[in-house]
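Listed below are the residues making up each chain.
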Amino acid sequence: MEILAELHPKTKIDKIQKEIKELEPFDGFDLPDSPLGYPSVLPPSVAVIIKNMYAGKRVIANQRLLDVNELYVASLSLTSKLIGFDIAFTQGDKPKIGKEVGYLTSEQAILLSKYHNKNLKAGLLVSMRKSREDIVKRLSFEPADFFLLLRLESEDQLEGLQTQKLIPYIIVRTEKNKEIASTLSQPVFDENKVMDFIYRLEDKGVQGVLLSSLGDTEALVRIIRKY
């Protein structure tokens, strides 16, 4: 099983490099794109830094579709070919600056990006808060190479689903981030219980997991050392 770490882009290269080195035991990284619609460093730029440091690491760059058109998606696809990262398409939250310009669905974005880069690995987001019918329909989109699974509370929710392409997003609650974690309207898992959950997901045939510790990098390091 692949274990990926969420890495929030920073504006200082030395700080990014330091965090990447600390998280070196992970199989790869997921790079958010302007979380909550606020401006942030673009994921492809951080992907370059990671690939220069660890060429073999998997990198998933998230791409908001509310902000871009077809030309940008096609150019991003060519950029991914140059640098070597995967893409997870999401609509994203309403931008805090400017107006929404996106009108592409995630499915359309995958088809367009793969047209320009046939070897691209591209994925979608799937929320377990959707109806079972909507989840099954989303997972049946064959061109998607993976699905970032949000709001998963138990491995029992995966019963009857095809799990080979799933990458559950797991938020880790630690002593350091517990106050922030308590404000979230989505499942969180105590640091000392995360590995047990990962093993249960592995038994279900899940291909990988994505861990977020809400900025507590030390906790991520402690967890990966247990695997």
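In what follows, the structure referred to is the one given above.
These numbers come from a predicted model, not from an experiment. (Residues numbered from 1 in each chain as written. Predicted model: local features only at pLDDT ≥ 70, side-chain atom pairs only at ≥ 80, totals over all residues. Heavy atoms only, no water.)

Thoughts on the overall build of the protein chain
Looking only at helices and strands, one finds eight helices and nine strands in the protein chain. Whereas a compact globule of 227 residues would reach a radius of gyration of roughly 17 Å, the protein chain reaches 17 Å, a difference of no more than 12%. With respect to the principal axes defined by its C-alpha atoms, the protein chain has extents near 45 × 45 × 35 Å. For the protein chain, the proportion of its 227 residues judged to be buried stands at 49%. In the protein chain, the proportion of contacts linking residues at least 24 apart, taken out of those at least 6 apart, comes to 69%. Here the protein chain has roughly 11,700 Å² of accessible surface; of this, 51% comes from carbon and sulfur atoms. (Helix = DSSP H or I, 4+ residues; strand = E, 2+ residues; numbered from the N terminus. Rg over C-alpha atoms; globule rule 2.2 N^0.38 Å. Buried < 20%, exposed > 50% of the residue type's maximum accessible area, 1.4 Å probe, protein only. Contact = heavy atoms within 4.5 Å. Areas by Shrake-Rupley, 256 points an atom, 1.4 Å probe, with all protein chains shown as cover.)

Here's the deal with the nonpolar core
F89 and L211 are the most contacted members of the largest nonpolar core, which totals 56 residues. For this core, the element with the most residues is helix α7 (residues 194-203), which contributes five residues. One finds L4, A88, L148 and A181 within the second-largest nonpolar core, a separate group that totals 12 residues. (Core = buried A, V, L, I, M, F, W, Y, C linked by side-chain atoms within 4.5 Å.)

Points about the pairing of strand β4 (residues 86-90)
Of all five residues in β4, five are buried; the element is thus mostly enclosed. Both strand β3 (residues 58-64) and β4 contribute to a ladder of five bridges, which runs parallel. Bridge pairing in β4 links N62 to A88. As paired strands, β4 and strand β5 (residues 122-127) are joined by three bridges and run parallel to one another. Residue pairing for β5: I87 is matched across the bridge by A122. (Pairing = 2+ DSSP bridges.)

Comments concerning the layout of surface pockets
In this model, the largest pocket occupies a volume close to 1,200 Å³. Contributing to the lining of the largest pocket are 36 residues, with T90, G92, D93, L125 and L150 lying nearest its centre. Tallied by class, the residues present in the lining of the largest pocket amount to 16 nonpolar, 11 polar and nine charged. The computed volume of the second largest pocket comes to approximately 200 Å³. If you go around the second largest pocket, you meet 16 residues; those closest to its centre are D33, S34, R64, D67 and P95. Of the residues that constitute the lining of the second largest pocket, the class distribution is nine nonpolar, three polar and four charged. (1 Å grid on protein atoms, 1.4 Å probe; cavity = no way out; pocket = protein on both sides within 12 Å on 5 of 7 lines; lining within 4 Å. Points joined across faces, edges and corners; volume = space filled by probe spheres on them. Nonpolar A, V, L, I, M, F, W, Y, C, P; charged D, E, K, R; others polar.)

With respect to α7
Note that an α-helix has 3.6 residues per turn; residues three or four places apart therefore point the same way. Along α7, the positions that sit buried rather than exposed are V194, M195, F197, I198 and L201. Buried positions in α7, seen along its axis, are confined to an arc of 160° and lie on one side of it. On its buried face, α7 sits against β1 (2-6), β7 (166-173), β8 (189-190), β9 (208-212) and α8 (217-224). At the exit of α7 stands G205, carrying a positive phi of roughly 90°. (Arc of directions from axis to C-beta.)

So, the side chain of S77
Tracing the backbone shows S77 in helix α3 (residues 70-83). Residue S77 is classed as buried on the basis of its relative accessible area of 0%. Among all residues touching S77, those that are not within four sequence positions of it are I87, S113, H116, N117 and L120.

What to know about the pairing of β5
Extensive coverage of β5 is indicated by the burial of six of its six residues. Following the backbone out of β4, through helix α4 (residues 106-116) and into the adjacent parallel β5, one traces a crossover that is right-handed. Here five bridges tie β5 to strand β6 (residues 146-150), and the two strands are oriented parallel to one another. The partner of L124 across the bridge, within β6, is F147. The handedness of the β5 to β6 crossover, carried by helix α5 (residues 132-139), is right-handed. (Right-handed = clockwise from strand over helix to strand, strands pointing away.)

Looking at the packing of α3 against α4
The N-to-C vectors of α3 and α4 enclose an angle of 50°; their axes lie 8 Å apart at closest approach. Put simply, α3 runs oblique to α4. Every pair of crossing elements has a handedness; the one defined by α3 and α4 is right-handed. For the pair α3 and α4, contact is made by E70, V73, A74, S77 and L78 and by A109, L112, S113 and H116, respectively. (Axes fitted to C-alpha atoms, helices over the stretch in contact; angles between N-to-C directions. Parallel < 35°, antiparallel > 145°, perpendicular 65-115°, else oblique. Left-handed = near helix turned anticlockwise from the far one by under 90°.)

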